[in-house]
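Tertiary structure, described
Here is how the chains run, residue by residue.
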Amino acid sequence: MATSQLAQLAAQVADQVLPYLPEAVQSHASNVSPVALVALLAAVPAAAASLAASAASSSSSSRKGRLPPHVGHWVPFLGSMVSFGMRPLDWLAEQRKQHGDIFTFTMFGREMTYVLGPDGNHAVLNGKLADISAELAYNSLTKPVFGADVVYDTSNPVFMEQKRFVKAGLSAENLRSYVPLIEAETLNYFTRWQGQQGEGELAKALAELTIMTASRCLMGEEVRSNLDESVAQLYHDLDQGFQPINFLFEKLPLPAYRRRDIAQKKMADLFLDIMKERRATGRTNNNDVLQVLMDADYKNGTKLTDIEAAHLMIALLMAGQHTSSTTGTWCMSFLAANPDVFAELTTELYNELGGDWSRPLDFDLLKRLPLLDACIRETLRLRSPIYAIMRKVVRPVEIMGHVVPAGHYLCASPAVSQRDPEVYEDPMAFKPRRWLDTSNNAQMQKILRAETDMAAAEDFGFGVVGGSARSNYLPFGAGRHRCIGEPFAYVQLKTIIATLVREFATFEFVMGPEAFPKEDFTSMIVMPEKPIMIKYTRRERSPLSGAAVAAP
Ligand code: HEM
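Residues numbered from 1 in each chain as written. Predicted model: local features only at pLDDT ≥ 70, side-chain atom pairs only at ≥ 80, totals over all residues. Heavy atoms only, no water.

1. As for the coordination of the iron atom of the ligand
Looking at the protein side alone, the iron atom of the ligand has one donor only, Cys 483 (SG), at 2.3 Å. Inspection of the secondary structure assignment puts Cys 483 in the loop between β10 (464-465) and α21 (486-503). (Donors = N, O, S within 2.8 Å, 3.2 Å for Na, K, Ca; no water. Helix = DSSP H or I, 4+ residues; strand = E, 2+ residues; numbered from the N terminus.)

2. Some points on the pattern of salt bridges
Where side chains of opposite charge bring their charged atoms close, a pairing between them can arise. For the coordinates displayed, the defined rule picks out 32 salt bridges. Measuring nitrogen to oxygen at the nearest pair gives 3.0 Å for the salt bridge that ties Arg 470 to Asp 119. Taken as a pair, Arg 470 in the loop between β10 and α21 and Asp 119 in helix α6 (residues 117-125) lie far apart in primary sequence, 351 residues in all. For Glu 378, the salt bridge identified is with Arg 381, shortest N-O distance 2.9 Å. Of the two residues, Glu 378 and Arg 381 are both situated in helix α18 (residues 370-382); the distance of three residues between them amounts to about one turn of the helix. The exposure classification of Glu 378 matches that of Arg 381, with both residues buried. In the salt-bridge network here, residues are joined through shared partners; they are Glu 222, Arg 278, Arg 283 and Asp 288. (Salt bridge = Lys/Arg side-chain N within 4 Å of Asp/Glu carboxyl O. Buried < 20%, exposed > 50% of the residue type's maximum accessible area, 1.4 Å probe, protein only.)

3. Observations concerning the site of the ligand
Around the ligand there are 27 residues in total, and Tyr 152, Lys 163, Arg 391, His 481 and Cys 483 lie nearest to it. A distance of 2.8 Å separates an oxygen atom of the ligand from a polar atom in the side chain of Arg 391. In the model, an oxygen atom of the ligand is placed 2.6 Å from a nitrogen or oxygen of the His 481 side chain. Elements with a minimum of two residues in the shell around the ligand: α8 (156-169), α15 (306-337), β5 (389-393) and α21. The element best represented in the shell around the ligand is α15, accounting for six residues. Partitioning the shell around the ligand into residue classes produces 16 nonpolar, seven polar and four charged. (Near = heavy atom within 4 Å. Polar contact = N/O pair within 3.5 Å; in protein donor to acceptor, adjacent residues only side chain to side chain. Nonpolar A, V, L, I, M, F, W, Y, C, P; charged D, E, K, R; others polar.)

4. A short note on helix α10 (residues 202-219)
Counted at 1.5 Å a residue, the expected span for α10 with its 18 residues is 26 Å, and the 24 Å between its end C-alpha atoms agrees. Burial analysis of α10 places 14 of its 18 residues in the buried class, which makes it a mostly covered element. For α10, the side-chain oxygen to backbone nitrogen distance between the N-cap and Ala 203 is 3.3 Å, and the N-cap itself is Glu 201. Phi for Gly 220, located one or two positions after α10, is positive at around 110°. (Expected span 1.5 Å × (residues − 1).)

5. Quick look at the packing of α18 against α21
Following both chains from N to C, one finds α18 and α21 inclined at 115°, their axes separated by 10 Å at the closest point. Crossing of α18 against α21: the hand is right-handed. Where α18 approaches α21, its residues Leu 372, Asp 373, Ile 376, Arg 377 and Leu 380 are matched on the opposing element by Tyr 490, Leu 493, Lys 494, Ile 497 and Ala 498. Residue classes in the contact of α18 with α21 are distributed as seven nonpolar, no polar and three charged. (Axes fitted to C-alpha atoms, helices over the stretch in contact; angles between N-to-C directions. Left-handed = near helix turned anticlockwise from the far one by under 90°. Contact = heavy atoms within 4.5 Å.)

6. Describing the sheet that holds β5
Ordered by their spatial adjacency, five strands build an open sheet running β1-β2-β8-β5-β3, and the pairing between neighbours is mixed. Looking at which strands have only one partner, the edges of the open sheet turn out to be β1 (102-107) and β3 (132-133). Sheet strands touched by α6: β2 (110-115), β3, β5 and β8 (409-412). Its angle to β8, the strand with the most contacts, is close to 130°. Packing of helix α7 (residues 134-146) onto the sheet brings it into contact with β3, β5 and β8, and relative to β5 it is tilted by some 110°. (Pairing = 2+ DSSP bridges.)

7. Section: the packing of aromatic side chains
Counted under the stated rule, the structure contains 31 aromatic pairs. Judged by centre distance (5.8 Å) and plane angle (80°), the rings of Phe 84 and Trp 91 are edge-to-face. For Phe 84, a relative accessible area of 0% puts it in the buried group. One residue, Arg 110, lies across the ring of Phe 247, its end atom 5.1 Å from the ring centre. Sitting over the face of the ring of Trp 435, Arg 377 holds its NZ or CZ atom 4.8 Å from the ring centroid. (Phe/Tyr/Trp six-rings, centres within 6.5 Å; stacked < 30°, edge-to-face > 60°. Lys NZ or Arg CZ within 6 Å of the ring centre and 35° of its normal.)

8. As for the confidence of the model for the chain
Per-residue confidence for the chain averages 89 on the pLDDT scale, and 88% of its residues sit at or above 70. Note on residues 1-63: pLDDT under 50 across the span, and 102 contacts to partners over four residues away in sequence or across chains. (pLDDT = per-residue confidence, 0-100.)

9. Topic: the sheet that holds strand β4 (residues 197-201)
An order of β4-β14-β11 is seen for the three strands of this open sheet, with the pairing classed as antiparallel. Only two strands of the sheet have a single partner each, and these edge strands are β4 and β11 (504-509). The mean angle between the axes of side-by-side strands here comes to 25°, regardless of whether they run parallel or antiparallel. Across five bridges, the pairing between β11 and strand β14 (residues 533-538) is antiparallel. Paired with Phe 504 across the strands is Arg 538, a residue of β14. Along the sheet face, α15 touches β11 and β14 and points at about 95° away from the line of β11. Set on the sheet, α21 makes contact with β11 and β14; between it and β11 the angle comes to about 105°.

Structure below.
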């Protein structure tokens, strides 16, 4: 999860808050800049937090050692919020050049300490529970959306067990059964892009398709069949509760907050009703994650309760939606901008299908598409949806010869490492083959070795996590908070992208390669700026079978 993409936050808060202030205050407030208004609204609690943090910081620094260098700023309290929020990755890379791999800056009254590079990634992702906490960093944002007693609203060992349950639901056997479901959903969805040739909007299509496929595979067919009606609106209202404003203000008397709370309850009720219905009808032979949670027991013998299962399902929906849908959108955008790679991918797929476009995809076939795999890897290198990972410091912690005081937010940014020109040749270029032809590249070999390094392997309670966090490639994180959705995300993305490559002979931006979308840092996930208009030509079809026929 990102620290915050706060550049436009001030305007966002002002827009939402202003209509609800008393008239007299409104008339004054409308003359004040949004930034000042937000600062005013936040001043009391945040100033108190900031004072407490700086008190902790000065006592710890005198007690234990040197504080990290502090980035200067002009506006007290807001600090570097605007410059960071506008283009965080470039800004972090610039600060790194100036200050080195560790530095602190003030943002909205909070002290953010970034630790960059492989050692920084290791310090955050493998930090000790007694030193740093994800729960303290995230729970005020996630609890109102997910619900109580799951994820960051429970003790870490309990959450680790909850991750174990979900991981069991994502078994190879289940993943195998999801491929035909995702393929069918994709083919069905893209009938909306009509005609042999035409234009369509990519980001909307992938967002809708991702929620359809994830709900069908993970949540169960009952949720999928409700999706066009009630669930899509509930999802939208929950998602609106997952914005940077919610990170800063846990509670505000605003309609979006109220809609979030109502949606949370309704969504939980939906899952509770499905569980009740499954039990009442004995229909408990399902290969979705919901069924695994319904049957799960903690190690101490107690059952995962239905309400916990419902809240965990909401957490999975939120964790997997934007991450996968933006990755798919970026990947198809890279392919639209690189027709040579699109053509190579077409040939790879055509050959694996034995020259028969009508052959269905399957789990084993997807494993035999190295270029497709490399395209997704390269997309995640350049466009990690979660570009910064955050923890809160519980007790002063020594990193890279400095002491980071209690109260600071400690952040890693694998995304900065993934664009490091010292490590990746031509770092901003989309070159999937860099993952395949590594024989003459010691840096790439090192990265791939780190992924399979079992010396650092550890079981935090949800199965062994291998691989070193001291790496320049970590789009799924590492350590106890490592992503458990990666295998599902890969199956989902590969199936969707392979289906699109099979369906479309050409897939390009309407406005030409220059129309490649810019990064939008204003929400919690790095999204592409919309709309992304694509012009397509479908492959020729056999008049008898309706299947695509033309060779690449
Ligand atoms: C391309 C897709 C995805 C990316 C790039 C991604 C990335 C990440 C990252 C970086 C983390 C570590 C967060 C941290 O350390 O604070 C994480 C954790 C997690 N992800 Fe994903 N994720 C993706 C898809 C999914 C999906 C599909 C699911 C669910 C089905 C999922 C569920 C989770 C869960 C449960 C955690 C654990 C959080 C924790 O332990 O604190 N993710 N993900």
